[in-house]
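What follows is each chain in one-letter form.
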Amino acid sequence: MRKKIIGYFISLFFVCVLVSCGDNGVDPGYCGDGIVGQGEECDDGNNEDGDGCSADCMLEQELQCPDDMVLVEADAELGVSRPFCVDIYEASRSDATETEMGTDTSMAVSQPGVIPWHVNPMTADAFDQFKAACEAADKRICEKSEWYSVCAGPQRTSYVWGDSFDRMICNCVDTFCEEYCRDHPEIQDCDTGSNCGYTYNSFHVVPTGRFQDCVSASGAYDVCGNVWEIVPSSDDGRGYEVRGGAYNCAGAEQRLQCTYNAGWTALYAGFRCCKDPQ
Ligand SMILES: [Ca+2]
Ligand SMILES: [Ca+2]
Ligand SMILES: [Ca+2]
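Here, residues in each chain are numbered from 1, in the same order as that chain's written sequence. Labels follow written order: the first chain is A, the first ligand is 1, and so on. Where local features are concerned, this predicted model is filtered to residues with pLDDT of at least 70; where side-chain atom pairs are given and counted, the filter is 80 or more; whole-chain, interface and lining totals use all residues. With hydrogens and water stripped out, all remaining heavy atoms of the structure feed into the side-chain values.

Caption draft 1: Looking closely at the overall build of the chain. Secondary structure assignment for the chain yields six helices and nine strands. Whether a residue is buried, partly exposed or exposed follows from its accessible area with a 1.4 Å probe, protein chains only, as a fraction of its type maximum: under 20%, in between, or over 50%, in that order. Here the chain, with 278 residues, has 46% of them falling under the buried criterion. For the chain, contacts bridging at least 24 residues in sequence account for 55% of all contacts bridging at least 6. Exposure was quantified through the Shrake-Rupley algorithm and a 1.4 Å probe, taking into account, for residues, occlusion by the shown protein chains and nothing else. In the form shown here, the chain has an accessible surface area of approximately 14,000 Å², with 50% of it arising from carbon and sulfur atoms. Put simply, DSSP marks the helices as runs of H or I at least four residues long and the strands as runs of E at least two long, and each gets a number from the N terminus on. Here, two residues are considered to be in contact whenever any of their heavy atoms come within 4.5 Å of each other.

Caption draft 2: Examining the sheet that holds strand S2 (residues 84-87) more closely. Only strands that DSSP links by at least two bridges are regarded as paired with each other. With respect to topology, four strands assemble into an open sheet ordered S1-S2-S9-S5, the strand pairing being antiparallel. Here the strands that pair on one side only, and so sit at the sheet edges, are strand S1 (69-72) and strand S5 (140-141). Strand direction decides the pairing type here: S2 and strand S9 (residues 273-275), joined by two bridges, are antiparallel. Residue pairing for S9: cysteine 85 is matched across the bridge by lysine 275.

Caption draft 3: Focus on the packing of aromatic side chains. Two rings from Phe, Tyr or Trp (for Trp, the six-membered ring) form a pair when their centres are within 6.5 Å of each other. A pair whose planes differ by under 30 degrees is stacked, one over 60 is edge-to-face, and the rest are tilted. Throughout the structure, instances matching the rule amount to 16 aromatic pairs. Consider the rings of tyrosine 180 and tyrosine 200, whose centres lie 5.3 Å apart with planes at 20°: the pair is stacked. Within this pair, whereas tyrosine 180 is found in helix H4 (residues 177-183), its partner tyrosine 200 is found in helix H5 (residues 196-200), the two being separated by 20 residues in sequence. Residue tyrosine 180 is classed as partly exposed on the basis of its relative accessible area, which comes to 26%. According to the relative accessible area criterion, tyrosine 200 is buried, its value standing at 12%. Within the aromatic cluster, the residues linked to one another by ring pairs are Tyr198, Phe203, Tyr247 and Tyr268. By the criterion adopted, a ring carries a charge over it if an Arg CZ or a Lys NZ lies within 6 Å of its centre and within 35 degrees of its normal. Above the face of the phenylalanine 127 ring, lysine 131 is positioned so that its terminal group lies 4.1 Å from the ring centre.

Caption draft 4: Region of the structure containing the coordination of the calcium ion (ligand 2). Those donors, Asp44 (OD), Asp44 (OD), Asn46 (OD1), Glu48 (O), Asp51 (OD), Asp51 (OD) and Cys53 (O), are the protein atoms that reach the calcium ion (ligand 2), and they lie 2.3 to 3.1 Å from it. The motif formed by the donor residues of the calcium ion (ligand 2), counted along the single chain, is D-x1-N-x1-E-x2-D-x1-C. A relative accessible area of 18% means that aspartate 51 is categorised as buried. Sites may look incomplete because water is not among the atoms; the donors themselves are N, O and S atoms within 2.8 Å of the metal, or within 3.2 Å for Na, K and Ca.

Caption draft 5: Focus on the confidence of the model for the chain. Known as pLDDT, the predictor's confidence for each residue is given on a scale from 0 to 100. Averaged over the chain, the pLDDT score is 92; the fraction of residues at 70 or greater is 91%. Here residues 12-22 scores under 50 on pLDDT; set against residues more than four positions off or in separate chains, the count is three contacts.

Caption draft 6: Local environment of the coordination of the calcium ion (ligand 1). With distances of 2.3 to 2.8 Å, the protein atoms coordinating the calcium ion (ligand 1) are Tyr30 (O), Asp33 (OD), Ile35 (O), Glu40 (OE), Glu40 (OE) and Asp43 (OD). All geometry calls rest on donor angles, where a four-donor set with angles between 85 and 135 degrees is tetrahedral, four- and six-donor sets with opposite donors more than 155 degrees apart and all others between 65 and 115 are square planar and octahedral, and all else is irregular. Geometry at the calcium ion (ligand 1) is irregular, judged from the six donor atoms that bind it and their angles of 49 to 157° at the metal. A relative accessible area of 54% means that tyrosine 30 is categorised as exposed. Residue classification places aspartate 33 among the partly exposed positions, given a relative accessible area of 25%.

Caption draft 7: Geometry of the state of the cysteines. Two cysteine sulfur atoms make up a disulfide if the distance between them is within 2.5 Å. Enumeration according to the criterion identifies nine disulfides in this entry. Note that cysteine 42 is cross-linked by a disulfide to cysteine 53, the S-S spacing being 2.1 Å. Looking down the S-S bond of the cysteine 42 and cysteine 53 bridge, the torsion is 100°, so its handedness is right-handed. You can see cysteine 42 sitting in the loop between helix H1 (2-19) and S1 and its partner cysteine 53 sitting in the loop between H1 and S1, a full eleven residues away along the chain. Given a relative accessible area of 0%, cysteine 53 falls into the buried group. There is a disulfide in this structure between cysteine 170 and cysteine 214, and the S-S distance comes to 2.1 Å. Note on the cysteine 170 and cysteine 214 pair: the S-S dihedral is about 100°, so by sign convention the disulfide is right-handed. Of this pair, cysteine 170 sits in the loop between helix H3 (144-152) and H4 while cysteine 214 is found in the loop between H5 and strand S6 (228-232), placing the two residues 44 residues apart along the sequence. Taken as a pair, cysteine 170 and cysteine 214 share a single burial class, namely buried.

Caption draft 8: Molecular detail of a negative patch on the surface. Every patch collects residues that have over 30% relative accessible area and no salt bridge, joining them within 9 Å if they carry like charges and within 5 Å if they are nonpolar side chains (Val, Leu, Ile, Met, Phe, Trp, Tyr). Any carboxyl oxygen of Asp or Glu within 4 Å of a side-chain nitrogen of Lys or Arg constitutes a salt bridge here. Note that His is not counted, nor are the chain ends; the positive residues are Lys and Arg, and the negative ones are Asp and Glu. Think of each charge as sitting on NZ of Lys, CZ of Arg, CG of Asp or CD of Glu. Taken together, the side chains of Glu41, Glu48, Asp49 and Asp56 define an acidic patch exposed on the protein surface. For aspartate 56, a relative accessible area of 52% puts it in the exposed group.

Caption draft 9: Expanded view of the nonpolar core. What is meant by a nonpolar core is a set of buried Ala, Val, Leu, Ile, Met, Phe, Trp, Tyr and Cys residues, joined one to another through side-chain atoms within 4.5 Å. Among the nonpolar cores identified, the biggest contains 37 residues, and Val86 and Cys224 are the most heavily contacted of them. Contributing elements (two or more residues each) for this core: S1, S2 and H3. With five residues, H3 is the single largest residue contributor to this core. With 23 residues, the next largest nonpolar core counts Met122, Ala126, Val242 and Tyr260 among its residues.

Dropping the structure here:
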């Protein structure tokens, strides 16, 4: 009898190990597994205090970002296990102006009203330079999951502003067609259809933050449009993906989508820096 009881407990133990004894067999996870589970405000994969997510998986108060960045919440579904700071503006050079990109490549700056840092074509060397420029600013180039979580936001929208395409919200190939036609009254029946920017050669890069409604829920400008944004990626043989579309892109309705990755190198590629909050 006693043997039987011991045997029963031993087998119960193994059944418990096999199914984890969670509710309905669902693994409840634990604090430190890198997944934000029930009762957890964050989970950065460790059980240490002082890094923004406490040892018991609660957000540590007063997460701070530098003035040129905004705070973005963790999003476990997208693999973003802790809050992060993202640059408010596309990266630019310190000596950039409203009309010139500047020449100082020593570090990336997040500032409004200047031509963003961009290259054409995109190269492996440029990728290294973008990463180094963020690091020189005590930041890092935004991860793909971070960039996407900024673009799509908690609502998982197709574009940074929502789900339906609108050529006037962010700077794309077709944004300036009407303006061009207004300035050229000799043009009859102004064409504002898809790729009209090519008809009038009216597309152009604009200073950072110029489009006030082209802003993420978290407060980052030009995530879609203006210049493409390079994000590191192991899913692409080049080691990076090209996101957000650009001011000169044909097919802006498709290419400005948060999920779109440009597979070619002849493009106006820029970047954006991120950083762990303090
Ligand atoms: Ca967890
Ligand atoms: Ca922690
Ligand atoms: Ca952009």
